[in-house]
Amino acid sequence: MTTRRDFIKKTTTGTAAVTLGATVFPSWANARILGANDHINCAVIGVRSRAKAHVLAIHQDVNAKILYSCDVDDTILEEHNVWCQERIGYVPKVEKDFRKILEDKDVDAIFIATPEHWHAPMAIMGLQAGKHVYVEKPCSHNPYENDLLVAAQKKYGKKVQMGNQQRSAKTSISAVEDIKKGVIGEVFKGEAYYSNNRGSIGHGKTIEVPQTLNWDMWQGPAPRENYRDNIHPYNWHWFRNWGTGEIHNNGTHEIDICRWALGVDLPETVTAFGGKYTYDDDWEFPDNQQVTYTFPGDKFVTWTSHSRGIMKPERPGRGITIYGSKGVIELSRNFYKLYDLGGNPIKIEFEKELSATTNTQGIGGLDVDHVSNFFNAIRKDNSLNSDIRDASVSTMLCHLGNMAHDAGHTIEINTQTGKVLNSEKAMQSWKREYEKGWEPKL
């Protein structure tokens, strides 16, 4: 494997890598971008982890400001305030109830980095309040919300960008352009993979809700459950009431790039294998999984996830491989590598600024590019790199992966609607139950 360091040694056009770590930020984190027009006031909702990348990216635009930080946990808000003062030089106003932010006519755009069960309902409410929306992936908790969010964007007309930031990677854009030109011939297969070594989440014990947490607002549209000690602030990902499993938590990124590179939309069939193999705990999704999607034109995409138990120590944590009749392309958030059929490297490109790939913040230069694209869409009506109408299709693929797993057999898909044709069991997951008064509506 050619590394960036090897590549720079062999060429004179490489750019220096940027070290990413817990306290080291990319070079753009302290240098704001000049030349922007039209002021945009923002609110960031859900500020524990991924929001840090949003804040730094928003801060690069001299004519954008964060008016509000919003979270339902006082401890998280206090930590975030300190972090904001250190990183962006000011502390936005604090609000625990996002609905009050939506009432503020000075707010132009909201950035949603909450638990996943809140993504679509909050985005829809934001649109109804006249706000542009940047929503983290996945854009929905279930297929019903997926369709509803797309319909809401069409009805209210504001911009909605999903946070699958690799769509703004210059190297990935270059690769897709090369694929369209036929550089690797007829593309037929996309491999998406993710490897991690997550530990046990144990068996949660019912305890009193921490005084710093508004548990009722945290649950929002989800049916009410007692507070347990292994849910907040991160492990909700692995519970069906709030999360959508690893295929959505991380697979949305790589599956999306495969679909983009192959030029496909909804699949004809979906087959899922795998299960929960590693720990006896409360985890409710597969922790190791293989999903295969078939598409018209004899194309297919595979998703391989090893959430708990790294596949190979030397293999990267995540990535994409695109196969064509004349060559192969490897993609990540940080590079594009082109090979001939013999595995010989032909072309290698790296992102100017590297992005973290496996931590929970995922901070990097792609966030700046993706947020900049969002702002340009608001200001100039430029095309979004991840418009919700297209992003929802990739999100739907992930939903179908979970639905095929639950069905226990290959499911057949209506390629116009995404609905499953041969499994009533799978279709039981099309829409969730909502807490009374919280169901999203147009």
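About the cut-offs
Residues numbered from 1 in each chain as written. Predicted model: local features only at pLDDT ≥ 70, side-chain atom pairs only at ≥ 80, totals over all residues. Heavy atoms only, no water. Helix = DSSP H or I, 4+ residues; strand = E, 2+ residues; numbered from the N terminus. Buried < 20%, exposed > 50% of the residue type's maximum accessible area, 1.4 Å probe, protein only. Contact = heavy atoms within 4.5 Å. Areas by Shrake-Rupley, 256 points an atom, 1.4 Å probe, with all protein chains shown as cover. Lys, Arg positive; Asp, Glu negative; His and termini not counted. Salt bridge = Lys/Arg side-chain N within 4 Å of Asp/Glu carboxyl O. Polar contact = N/O pair within 3.5 Å; in protein donor to acceptor, adjacent residues only side chain to side chain. Pairing = 2+ DSSP bridges. Right-handed = clockwise from strand over helix to strand, strands pointing away. Axes fitted to C-alpha atoms, helices over the stretch in contact; angles between N-to-C directions. Core = buried A, V, L, I, M, F, W, Y, C linked by side-chain atoms within 4.5 Å. 1 Å grid on protein atoms, 1.4 Å probe; cavity = no way out; pocket = protein on both sides within 12 Å on 5 of 7 lines; lining within 4 Å. Points joined across faces, edges and corners; volume = space filled by probe spheres on them. Nonpolar A, V, L, I, M, F, W, Y, C, P; charged D, E, K, R; others polar.

1. Some details on the overall build of the chain
Piece 1. Within the chain, the secondary structure is distributed over 13 helices and 15 strands.
Piece 2. Of all 442 residues assigned to the chain, the portion counted as buried reaches 58%.
Piece 3. In the chain, the share of contacts with a sequence separation of at least 24, taken over all contacts with a separation of at least 6, comes to 71%.
Piece 4. Summed over all atoms, the accessible surface of the chain reaches about 18400 Å², with 48% contributed by carbon and sulfur.

2. Some thoughts on the side chain of Arg432
Piece 1. Tracing the sequence through the fold places Arg432 in the segment after helix 13 (424-427).
Piece 2. Among buried charged residues, Arg432 stands out as having no salt bridge; its nearest opposite-charge side chain is Glu145, 5.6 Å away.
Piece 3. In terms of polar contacts, Arg432 uses its side chain to reach the side chain of His141, at 3.5 Å.
Piece 4. Excluding anything up to four places from it in sequence, Arg432 contacts His117, His141, Asn142, Glu145, Ala222, Pro223 and Asn241.

3. Brief notes about helix 7 (residues 170-180)
Piece 1. By the burial criterion, the buried members of helix 7 are Thr171, Ser172, Ser174, Ala175, Val176, Asp178 and Ile179.
Piece 2. Against strand 7 (187-195), helix 10 (251-262), strand 11 (318-324), strand 12 (327-331), strand 13 (335-340) and strand 14 (345-350) lie the buried residues of helix 7.

4. Some words on the pairing of strand 4 (residues 109-112)
Piece 1. Burial along strand 4 is two-sided: Ala109 and Phe111 and Ile110 and Ile112, pointing in opposite directions, are all buried.
Piece 2. In this structure, strand 1 (residues 40-45) lies alongside strand 4, joined through 4 bridges in parallel fashion. If you follow Ile45 over to strand 4, its bridge partner there is Ile112.
Piece 3. Both strand 4 and strand 5 (residues 132-135) contribute to a ladder of 4 bridges, which runs parallel. In the sheet register, Ala109 faces strand 5, and the bridge partner there is His132.
Piece 4. The parallel pair strand 4 and strand 5, bridged by helix 5 (residues 119-128), forms a crossover whose chirality is right-handed.

5. Structural notes on the sheet that holds strand 2 (residues 64-70)
Piece 1. Ordered by their spatial adjacency, 6 strands build an open sheet running 3-2-1-4-5-6, and the pairing between neighbours is parallel. Sheet topology places strand 3 (93-95) and strand 6 (160-162) at the edges, where each strand pairs with a single neighbour. For this sheet, the mean angle separating the axes of adjacent strands, direction not counted, is 20°.

6. Concerning the nonpolar core
If you look at soluble globular proteins, the nonpolar side chains tend to sit buried side by side.
Piece 1. By size, the foremost hydrophobic cluster in this structure holds 43 residues, and its most contacted members are Phe98, Ile110, Val133, Trp218 and Trp242.
Piece 2. Ranked by the residues each element gives to this core, the list is headed by helix 5, at 4 residues.
Piece 3. Counting residues in hydrophobic clusters, the runner-up holds 42 residues, among them Ile179, Ile329, Ala404 and Trp430.

7. Details of empty space enclosed by the protein
Piece 1. The final tally for this structure, using the stated rule, is 2 cavities of 30 Å³ or more.
Piece 2. The space that makes up the second largest cavity amounts to roughly 30 Å³.
Piece 3. Partitioned by chemical class, the residues of the lining of the second largest cavity number 3 nonpolar, 4 polar and 1 charged.

8. Side note on the sheet that holds strand 7
Piece 1. Strand order across the open sheet formed by 9 strands is 14-13-12-11-7-10-9-8-15, with mixed pairing between neighbours. For this open sheet the edge positions go to strand 14 and strand 15 (411-412), each flanked by a neighbour on one side alone.
Piece 2. Across 5 bridges, the pairing between strand 13 and strand 14 is antiparallel. Within strand 14, the position partnered with Leu338 by the bridge is Lys347.
Piece 3. Docked against the sheet, helix 12 (residues 388-407) engages strand 8 (269-275), strand 9 (288-295) and strand 15, running at close to 65° with respect to strand 8.

9. Considering the environment of Cys398
Piece 1. Relative to the helices and strands, Cys398 resides in helix 12.
Piece 2. Once the C-alpha coordinates of Cys398 and Asp256 are considered, the two residues, 142 residues apart in sequence, prove to be 9.3 Å apart.

10. As for the pattern of salt bridges
Piece 1. For the coordinates displayed, the defined rule picks out 25 salt bridges.
Piece 2. Between Glu136 and Arg50 there is a salt bridge, with its nearest N and O atoms 3.0 Å apart. Of this pair, Glu136 sits in the loop between strand 5 and helix 6 (143-156) while Arg50 sits in the loop between strand 1 and helix 2 (51-59), and the two are 86 residues apart along the sequence.
Piece 3. With relative accessibility at 5%, the residue Glu136 sits in the buried group.
Piece 4. One salt bridge connects Arg240 with Asp406, and the closest N-O pair in it is separated by 3.0 Å. In this pair, Arg240 sits in the loop between helix 8 (215-219) and helix 9 (246-249) while Asp406 sits in helix 12, placing the two residues 166 residues apart along the sequence.
Piece 5. Given a relative accessible area of 33%, Arg240 falls into the partly exposed group.

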